[in-house]
Amino acid sequence: MPTFNDPLADAAEASEALRGLAHASRTFDNPADTYAVFGDVISGVRSLRQVLDQLADAHLTHRERAHDDPGNHAAGAGSALTAADELHQAGTLLDQVQGLDIVRCAVVHPCDAGSLSGAMDAANHGLIKPVLIGPEGRIRHVAEEAGISLQGVEIISVEHSHAAAEMAAEMAANKEVEILMKGSLHTDELLKAVLSHKALRTGRRLSHVFRFDVPLYPKPLIITDAAINIEPTLQEKVDIVQNAIDFARVMGIETPKVAILSAVETVTASIPSTLDAAALCKMADRGQITGGLLDGPLAFDNAVSPDAVQIKGIVSEVAGQADILAVPDLESGNMIAKQLEYLAGASGSGLVLGARVPIALPRRADGAMARVASTVLAVLAAHDSRRKNQANAWKQG
């Protein structure tokens with residue numbers, strides 16, 4: 001029974017109750033019982049959102065008492081602020097998946113505590129039904145060392161990471177899973193397996209998006225591509241931008257505003273990224289990129305700061321209020337993303353787009369809430385793909 005006054009005891013009881021429900025709900029003797037369970041789970045999700053906000057507020061309120069392991073107060077206070085922001089972000093994203101079906105997800109080679117706990121946290125939040133793919137002995141050893149329960153969790157045992165990536169891609173191609181989640185293997189290893197299956201290709205280039213909540217920016221900010229495409233060509237940038245627009249629309253932004261970044265806001269023959277930016281905007285005018293509003297070239301300040309836009313006299317529906325920052329190359333995008341995270345206190349989560357299934361791509365340095373947030377993005381994208389597939393099937397038959 002809950003105590004209503006001891007958060008540690010009540011959290012432990014809630015965790016055990018969710019594990020019990022995950023086990024008990026594998027089968028139903030009476031299908032009508034699912035409605036009652038669903039109602040109670042939805043109520044629990046609302047309470048979880050309140051808990052996340054209250055935990056975030058506690059981090060903010062008591063940050064003057066925070067310190068890291070060596071006793072550094074400044075570092076501890078910074079960590080408290082970051083944790084608070086991640087908790088608020090997780091709560092906001094969980095609101096968006098409320099009421100959606102749990103999605104079956106292949107977790108590829110989860111052979112370290114971070115990737116395994118991230119997958120199981122997402123499962124405990126009711127986001128995914130994980131299928132763990134990798135050396136079973138290693139996975140169970142990691143779980144035991146980290147105190148992670150694998151009761152009722154499906155494990156497909158393969159010898160190594162290459163085999164795990166191939167198995168996960170094959171399951172996705174056969175529509176046995178709707179999400180792939182990267183574990184403790186290299187990104188290239190997983191993407192190579194995905195691209196080797198024709199059934200997982202869409203005709204578009206794979207690209208990565210970061211979704212950031214930045215404390216000093218009034219809305220979520222999407223950055224692409226800061227993780228996969230090193231030096232994309234103009235045609236590759238078309239796919240990168242279109243993937244990001246489609247994703248932003250899934251996230252509820254009706255007409256995403258896309259800033260095509262460069263070092264300056266004028267087309268300059270000696271700076272190739274300004275030429276690409278101008279071409280992308282004209283391609284959008286001609287319907288070669290759809291669903292968003294593009295402008296560029298824009299320097300970073302012109303993309304996100306209304307003050308900078310006013311000072312420079314830029315007339316634009318995008319400048320100063322961008323939803324998406326399309327960067328010239330991986331190096332610049334990666335630097336922007338990490339600067340936002342480490343200097344501006346932003347909390348981010350990432351996803352790979354352009355395949356038949358979304359690929360959650362948590363980073364090794366991600367905390368628990370950031371990993372859950374990446375899973376939320378993948379769940380939203382998976383449900384969007386499901387709706388589109390159902391619509392296409394209806395049209396064809």
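The sections below set out a description of the structure shown in this document. Treat the numbers as computed from the prediction; the structure is a model and nothing was measured.

Quick look at the sheet that holds strand β1 (residues 103-108)
Piece 1. Judged by pairing direction, the sheet is mixed, and its 11 strands sit side by side in the order β3-β2-β1-β4-β11-β10-β5-β6-β9-β7-β8 without closing on themselves. Two strands bound the open sheet, and with one partner strand each, they are β3 (154-157) and β8 (293-298).
Piece 2. On the sheet, helix α12 (residues 330-343) packs against β5 (207-213), β6 (221-224) and β7 (257-261) and is oriented at approximately 150° with respect to β6.

Describing unusual backbone geometry
Piece 1. Residues T224 and D225 are joined by a peptide bond in cis, for which omega reads -5°.
Piece 2. Mapping D225 onto the fold places it in the loop between β6 and α8 (234-250).
Piece 3. At the junction of G296 and P297, the peptide bond is cis and its omega measures out at 5° in the coordinates.
Piece 4. Inspection of the secondary structure puts P297 in strand β8.
Piece 5. Its identity as a non-glycine residue notwithstanding, H109 has a phi of 60°, on the positive side.
Piece 6. Inspection of the secondary structure puts H109 in the loop between β1 and α4 (113-124).
Piece 7. The backbone phi angle of K175 is positive, close to 65°, even though this residue is not glycine.
Piece 8. With respect to the helices and strands, K175 occurs in the loop between α6 (161-173) and β4 (179-182).

Looking at the pairing of β6
Piece 1. By the alternation rule, side chains of β6 split into L221 and I223 and I222 and T224, which are all buried.
Piece 2. The pairing of β5 with β6 spans three bridges and is antiparallel. Bridging from a neighbouring strand, F210 pairs with I223 of β6.
Piece 3. Pairing between β6 and strand β9 (residues 324-326): three bridges, direction parallel. Looking at the pairing, I223 lines up with L325 of β9.

Rules behind the numbers
- Residues numbered from 1 in each chain as written.
- Predicted model: local features only at pLDDT ≥ 70, side-chain atom pairs only at ≥ 80, totals over all residues.
- Heavy atoms only, no water.
- Pairing = 2+ DSSP bridges.
- Helix = DSSP H or I, 4+ residues; strand = E, 2+ residues; numbered from the N terminus.
- Contact = heavy atoms within 4.5 Å.
- Axes fitted to C-alpha atoms, helices over the stretch in contact; angles between N-to-C directions.
- Buried < 20%, exposed > 50% of the residue type's maximum accessible area, 1.4 Å probe, protein only.

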